[in-house]
Structure formats: structure tokens, C-alpha cells
Amino acid sequence: MTLRAVDPDIARSLQQELDRQREGLEMIPSENFVSPAVLEALGSVATNKYAEGVPGKRYYGGCRFIDEIENLAITRAKELFKAEHANVQPLSGAPANLAAYTALLKPGDTVLGMDLSHGGHLTHGHPATFPANIFRFVGYKTTPDGAIDYANLRNLALAHKPKLILMGYSAYTRDIDYARVKRIADEIGAYTMADIAHIAGLIAAGEMANPVPLFDIVTTTTHKTLRGPRGGMILCKAVHAKAVDKAVFPGLQGGPHENVIAAKAVAFKEALDPSFKEYARQIKKNAKVLEEELRARGHRLVHGGTENHLLLVDVTAKGATGKEAQNALDAAGITVNKNAIPDDPRGPMDPSGIRLGTPALTTRGMKEEEMKQIAGWIDEAIAAKDDATRLAAIKEDVKKLTSRFPLYDGLAY
Ligand SMILES: *Cc1c(COP(=O)(O)O)cnc(C)c1O
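The structure contained in this document is the topic of the report that follows. Position numbers for residues start from 1 in each chain and track the written sequence from start to end. Residue-level local features of this predicted model are given only where pLDDT is at least 70; pairs of side-chain atoms are given and counted only at 80 or more, and the full residue set underlies all totals for whole chains, interfaces and linings. As a convention, hydrogens and water are excluded, and side-chain values are obtained from all of the structure's heavy atoms.

Moving on to the side chain of Gln326. Segments assigned H or I by DSSP are reported as helices when at least four residues long, segments assigned E as strands when at least two residues long, and all are numbered from the N terminus. Residue position: Gln326 is located in helix H13 (residues 322-331). Contact between two residues is taken to exist if any of their heavy atoms lie within 4.5 Å; hydrogens are not considered. If near-sequence neighbours (up to four positions away) are discounted, Gln326 is found in contact with Val336, Asn337, Lys338 and Ile354.

Structure, rendered in C-alpha cells:
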């Protein structure tokens, strides 16, 4: 029986979500569109299998083919990032980070990570998260011109003697000097960790610096620029392999989601293909064009512009709030998210900025010419935030554009 026959309610919502993805401009920088092959692996019979443990050392019988799948995912991940060890079981980015902390730290240890309003992620010490109750988080900042403040980082490292220095971000637009951070960590005998959730695809393609050969431990999601299924992964030095594997299972998780691991393996194969380098280059080119076009229209780019796939725009400079801009763009068929800017004077529910990115649009095949068009619409929509008629008109134009870039052709629920 088909999904539609068994559960027409879910089928209808899925079809509407597919239509939404097809008709809109997806500009949330953490989102992407997986290939049909990844989608097929994700919906495969591997979801039926329990496989607690690691390949070759399972607590269940019948794992022969599942071991083949997980081993391929591991081998490809190691090749992609030049890693000594890979654990592909973390269910997502947040659990991967918790597992990394568990592998390296004891309760009460100090972690020096990026201040959240300067671009760090919730899992890097936000008071509302579980790890924040267990470890002590200290935050370094960025300079007014948008660079990571390495002098501030070093001063904090010397003052607080963290056990772990954590690099990585979800709302920052520049690359990281990992060698410089490693030297600071070595001064105080701290471990080094990078959370590359947003930029893993750009790193795999050689378009951004790779911390894996240098750092103790690197965590990532697999569903952002890496364009795989929703999931997480940990890469580390061989000396940490045992601690990492134990932290994931039995430390934090039970049976791994082997259908997701199969889909990760497929995505890694796609990322190893030369065409993925071209994709990553285009993501960056598209972001740069958006930046130039928005700047030309008087928008204030935070962190001094972009070196990756994302832009942070302070919309208060245009008389809007982050929430107003997000809602206006939503009405115009452009999906972004509101986001805090460094030391944001406004609260998290209605911050000063919006965050936008190019990975999903680039997957659809859009290039510089489309980015120019889209920058114009973004500018118009923010200016017309109270004009429902104008926003609806932009939405129609957006629909015309997206219809020229088919998504999941032939798929229907
Ligand atoms: C997205 C992200 C995460 C969390 O990933 P989830 O899969 O949503 O749990 C962790 N760290 C960074 C830097 C991220 O950008």
C-alpha cells in the first residue's frame, strides 16, 4: 500500500512541503536539498536493523551488510577530511558535540568557545543547554571589523586555562586560522575542537581551511553544506578514537540509524566527486554576488562580508527588525532566519539581523545572474515589509524563477 493510501493526511502535508520547497527560494544557510540517491538510501530497509556497537564488534547478529554500509561511510568520511578516525553514528550535530565533550572532558572543566551573539552555536554553552550545566563555558569575541579576536582568545585562554578550545560557528562569515589557535592551545595544554557543521561541504571541497589534520577532534552535521541526510559525525585523532566511540555508544546513544548512515555514505561519495568542488566554488561565488548586490543597495553586512556560504545582514540599518524582515521575506517566498548580531542590543525573539545563505539555491543550479535578481527582491521586500500586495507580487516572480530550476522532478506523494 502506498503512503497516500495508508495515511492521506501525512501524504498531503508532505506534498505541500514538497511544493513549498519547489516554489520558494530556500536561503536558510543551514539547509540544502539532498540528491534522489541520498533520499532513496534514507528511506531504505536499513532502518529495520539494530546494530549497537561498531562494524565488526556488534551486540546483534545479522549485521554483515550493515557493517559493509557503515564501513563504506567511515572510509569515505576519512578520505574526504583526511581524518585518522571517523564515527558516523551521531544522530545530529548537537549529540555529536555532547559526545565530543564527553570524550575529552570531566564535569566542571572549562571550554573556551565563540560567544553566541558573535556567531557561536547554542551547543557551545548557551545557558539553556544541558552541557552548560556540566561544563564551564567562556566566550571569545570578534573584532569590530569582523575578524575573530585571536588576541582576546589568547588572553581568555591564559586567564581561564580551559581544558578545551572550541572553534566553529553557525552565524559567522569568515575562515578560521586553526594553526594560530593550535599554538595557543599548546601554550596551556588544552585540547582543540572544531565544529564545522555549517562549512563541512566547503572544507571537503578544499574551499575552506581543514582543521582535521591539526585538531584533536572535529564534529559536524552531515545535512548542511555537505548535502547529506540530517545527521552528525565525529572525526578525530587515532588517540581519541576509543573515547569517542565509547562516548557515542553506550555513552549517549543506543542503536545507530543505519538508514541514515547509508545515506551519509552516498552523500560522501557524491562529495568525493570532482563535481562537488565545482558546487562548493559556486556556493561561494553566489554568496559574494549577493553580498556585493546588497551592499550596493545600502545594506550593512556584519563581520565585514563573506568568505563562505552565508551572510549576516543588520536590517535595523534599513528601519526593520530581524523578525519583520524574516516575515516580509516569507511573504515574498524567500525563506531566511532572523539572527542576532554581535552584542545585539535587541532580544533573541526579534534580533537586529537576518542570516541568509546560498547552499540550497546553488544545488538547484542558480548562479550569479539569479543572485542579482534575488538581491533586488530581498531589498524590495524589506522596504515593502508593510505592503502585502507588493510582497505577494514578488512571491509570484519568485515562483516564476524557481519553476525554471526543477526540484525532485517526478516526485509526488
Ligand atoms: C547546526 C549546528 C549544530 C547542530 O546541529 P543539529 O543537527 O541541529 O543538532 C551544531 N553546531 C553548529 C556550529 C551548527 O551550525
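Before going further, it helps to examine the nonpolar core. Among the nonpolar cores identified, the biggest contains 51 residues, and Phe81, Ile148, Leu153, Ile165, Met167, Ile196 and Leu235 are the most heavily contacted of them. The term nonpolar core refers to a set of buried residues drawn from Ala, Val, Leu, Ile, Met, Phe, Trp, Tyr and Cys, joined through side-chain atoms within 4.5 Å. To sort residues, take the accessible area from a 1.4 Å probe on protein chains only and compare it with the maximum for the residue type: under 20% means buried, over 50% means exposed, and anything in between is partly exposed. Val313, Ala328, Leu356 and Ile378 belong to the second largest nonpolar core, which has 32 residues in total.

Take the site of the ligand next. Throughout, the term near means that a residue has one or more heavy atoms lying within 4 Å of the molecule or strand in question. Lining the immediate surroundings of the ligand are 14 residues, of which Ser92, Ala94, Asp195, His198 and Lys224 lie closest. At 2.8 Å, a backbone N or O of Ala94 approaches an oxygen atom of the ligand. Any pair of N or O atoms that falls within 3.5 Å is considered a polar contact. Within protein, one atom must be able to donate a hydrogen and the other to accept it, and sequence-neighbouring residues count only if both atoms are side-chain atoms. The contact in question runs from a nitrogen atom of the ligand to an N or O atom on the side chain of Asp195, over 2.5 Å. Bound to the protein, the ligand loses 85% of the 390 Å² it would expose on its own. Among the elements that make up the shell around the ligand, the one with the highest residue count is helix H5 (residues 93-104) (three residues). Gly is put with the polar residues, along with every residue not named as nonpolar or charged; the nonpolar set is Ala, Val, Leu, Ile, Met, Phe, Trp, Tyr, Cys and Pro, and the charged set is Asp, Glu, Lys and Arg. Here the shell around the ligand is built from residues that sort into three nonpolar, nine polar and two charged. Only the protein chains shown count as cover for residues, and the accessible areas themselves come from Shrake-Rupley with a 1.4 Å probe.

What follows deals with the packing of aromatic side chains. Pairing of aromatic side chains requires ring centres within 6.5 Å, counting the rings of Phe and Tyr and the six-membered ring of Trp. Pairs whose planes differ by under 30 degrees are stacked, by over 60 edge-to-face, and all others tilted. Enumeration according to the criterion identifies seven aromatic pairs in this entry. An angle of 70 degrees between the planes, with centres 5.2 Å apart, marks the rings of Tyr169 and Tyr172 as edge-to-face. Judged by relative accessible area, which is 4%, Tyr169 ranks as buried. According to the relative accessible area criterion, Tyr172 is buried, its value standing at 1%. In textbook terms, an aromatic cluster arises when at least three aromatic residues are bridged by ring pairs, as seen for Tyr101, Phe135 and Phe137. The side chain of Arg227 reaches across the aromatic face of Tyr279, ending 4.0 Å from its centre. Placement of a charge over a ring requires the Lys NZ or Arg CZ to be within 6 Å of the ring centre, with the centre-to-atom vector within 35 degrees of the ring normal.

Here the focus is the pairing of strand E15 (residues 353-357). Burial analysis of E15 places five of its five residues in the buried class, the great majority of the element. Neither face of E15 is left uncovered, since the one carrying Gly353, Arg355 and Gly357 and the one carrying Ile354 and Leu356 both have all their residues buried. By the bridge criterion, five bridges tie strand E12 (residues 310-314) to E15 in an arrangement that is antiparallel. Within the sheet, the bridge partner assigned to Asp314 lies in E15 and is Gly353. Pairing between strands is defined by DSSP: at least two bridges between them are needed. Pairing analysis gives three bridges linking strand E14 (residues 337-339) to E15, with the strands arranged antiparallel. Counterpart to Lys338 in the pairing with E15 is Ile354.

Nothing here speaks to function; it is geometry throughout.
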